[in-house]
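Breakdown of the fold
The lines below spell out each chain.
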Amino acid sequence: MNRSESVSIRQSPLQFLAAGAVATNRAVGLADLSLLEKWGVKGPGAASWLAERGVEIPQTIYASRPLSEGGLVVRVGSDEFFLEAGQLDQSLASLGDSVPAAADFTPVIREDAALLITGCGGLDLFAQTCGHPLQQSPMDQIIFTRVAGVSCGILPQSSGEEPQYRVWFDPSYAVYLGETLLQIASELGEAASEPSV
Amino acid sequence: MKIIHCPVNGPRPLQEFYFGGQLRAVPTSEQVAAMTDAEWSDYAFNRDGSPGIQKEWWYHTPSGTWFIAERDIVTDGFVRTYLFDQADQESHNDG
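Structure report, in brief. Nothing here was measured: the structure is a model prediction, and the numbers come from that model.

1. Here's the deal with the pairing of strand E5 (residues 80-84) of chain A
- Counting buried positions along E5(A) gives four out of five residues, so the element sits mostly inside the fold.
- Between the end of strand E4 (residues 72-77) of chain A and the start of E5(A), which pair antiparallel, lie two residues.

Laid out in structure tokens, this is it:
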């Protein structure tokens, strides 16, 4: 089975979001981004290898940078990176095939569930579910914290007047966390959901 | 809400942490082989509960960070936290 076939049959653990949400005033929007291609790259040579592939390397731990095709890269350790492709980005599809045999780093496919939280009620949603004060967090810097008891990475991003939040977490918690956030978002002024990508 | 200062991620609520037990010297396999049953039982089952500052392992679950905390087990106040190999560097005092 080649790579494109394996992607085409993958299903999002959050696919219920598209059918279960009610789109009204968009106080909070939940979008399922779980099917975006994701990789982790770890090892002493990871940064230089990614740089050779044209990836702009975040200089500080937990910082992020956009990828040229719309994705992003986050430095999650001194020698550890997390990459996510953009919606129409195929640049990461063959990442694992281009690793030299004697490389001192390892690329690993990541299957994290991923959410995009948008809207003016985003902070209210986190205020009810997360102990970390996200309103004080800098943009484009990942935060590892808990949301509704689930360990998550949260990346605040600038988006017009209101920030948006990218959330990654273990897919085994996808149904629980997705339903919990959708319920609270609905109570905050009805939720909006975008189709899975 | 009780706040613990993770040396990597900063101040976070207690709910994000897992207690990993006292920091203790782990005997080598040769030392274990030379132990009597009483000595092994003492190592396996007994802990020092005397009042004062205790060094402990704590784990920040969302980021996967293990670190050392010095905690006053009388007041349950965290005195300082630091990574295992950075005990001699500046650390955080959460009082």
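Don't stop here, the text continues.
2. Details of the interface of chain B and chain A
- At the junction of the two partners, chain B supplies eleven residues and chain A supplies nine residues.
- When chain B packs against chain A, the two sides together hide about 760 Å² of surface, and 51% of this comes from carbon and sulfur.
- When the buried surface of chain B facing chain A is broken down by residue, Arg12(B), Glu16(B) and Pro62(B) rank first, second and third, together holding 49% of it.
- Applying the counting criterion to the chain B and chain A interface returns zero salt bridges.
- At the surface where chain B touches chain A, the tally comes to six residue pairs in polar contact (both at pLDDT 80 or more).
- Among the elements that make up the side of chain B that touches chain A, the one with the highest residue count is strand E2 (residues 10-13) of chain B (three residues).
- Its residues assigned to classes, the side of chain B that touches chain A comprises four nonpolar, five polar and two charged.

3. As for the nonpolar core
All names here are of chain A.
- Core analysis: the biggest nonpolar cluster contains 26 residues, and Ile117, Phe126, Val147 and Phe169 have the highest contact counts within it.
- Elements with a minimum of two residues in this core: strand E1 (28-32), strand E7 (113-118), helix H4 (122-129), strand E8 (143-147), strand E9 (150-157), strand E10 (164-169) and helix H5 (174-187).
- Ranked by residue count, the leading element in this core is H5, at six residues.
- In this structure Phe169 touches Leu14, Asp112, Ala113, Leu115, Val150, Ser151, Cys152, Ala174 and Leu177, once residues within four positions along its chain are discounted.
- Counting 16 residues, the second-largest nonpolar core is a separate cluster that includes Trp39, Ala47, Val55 and Leu83.

4. Overview of the packing of H4(A) against H5(A)
Residue and element names in this part refer to chain A.
- Relative to each other, H4 and H5 sit at 125 degrees, their axes nearing to 10 Å. Taken together, H4 and H5 sit at an angle that is classed as oblique. As H4 runs across H5, the sense of the crossing is right-handed. Two secondary-structure elements touch here, H4 through Leu125, Gln128 and Thr129 and H5 through Leu181, Ile184 and Ala185.

5. Considerations on the sheet that holds E5(A)
Residue and element names in this part refer to chain A.
- Taken in spatial order, the five strands line up as E3-E4-E5-E2-E6 in an open sheet, and their pairing is antiparallel. What marks the edges here is a single partner per strand, and that holds for strand E3 (64-66) and strand E6 (106-109). Along the sheet, successive strands turn relative to each other by an average axial angle of 20 degrees, direction set aside.
- Here strand E2 (residues 38-42) pairs with E6 via four bridges, running antiparallel. Opposite Val41, over in E6, you have Pro107 as the bridge partner.

6. Focus on the pattern of salt bridges
- One pass over the structure, following the stated rule, counts nine salt bridges over all chains.
- Across the salt bridge formed by Arg166(A) and Glu84(A), the nearest N and O atoms sit 2.0 Å from each other. Remark: Glu84(A) occurs in strand E5 and Arg166(A) occurs in strand E10; sequence separation between them is 82 residues.
- Among the ionic pairs, Lys2(B) bridges to Asp76(B), the shortest N-O distance being 3.9 Å. Residue Lys2(B) is found in the segment before strand E1 (3-6), and its partner Asp76(B) is found in the loop between strand E5 (65-72) and strand E6 (77-82); the two are separated by 74 residues along the sequence.
- Note on Asp76(B): relative accessible area 31%, which makes it partly exposed.

Reading guide: rules and limits
- Residues numbered from 1 in each chain as written.
- Chains lettered and ligands numbered in written order.
- Predicted model: local features only at pLDDT ≥ 70, side-chain atom pairs only at ≥ 80, totals over all residues.
- Heavy atoms only, no water.
- Buried < 20%, exposed > 50% of the residue type's maximum accessible area, 1.4 Å probe, protein only.
- Helix = DSSP H or I, 4+ residues; strand = E, 2+ residues; numbered from the N terminus.
- Pairing = 2+ DSSP bridges.
- Contact = heavy atoms within 4.5 Å.
- Buried area = accessible area lost by both parts, 1.4 Å probe.
- Salt bridge = Lys/Arg side-chain N within 4 Å of Asp/Glu carboxyl O.
- Polar contact = N/O pair within 3.5 Å; in protein donor to acceptor, adjacent residues only side chain to side chain.
- Nonpolar A, V, L, I, M, F, W, Y, C, P; charged D, E, K, R; others polar.
- Core = buried A, V, L, I, M, F, W, Y, C linked by side-chain atoms within 4.5 Å.
- Axes fitted to C-alpha atoms, helices over the stretch in contact; angles between N-to-C directions.
- Parallel < 35°, antiparallel > 145°, perpendicular 65-115°, else oblique.
- Left-handed = near helix turned anticlockwise from the far one by under 90°.

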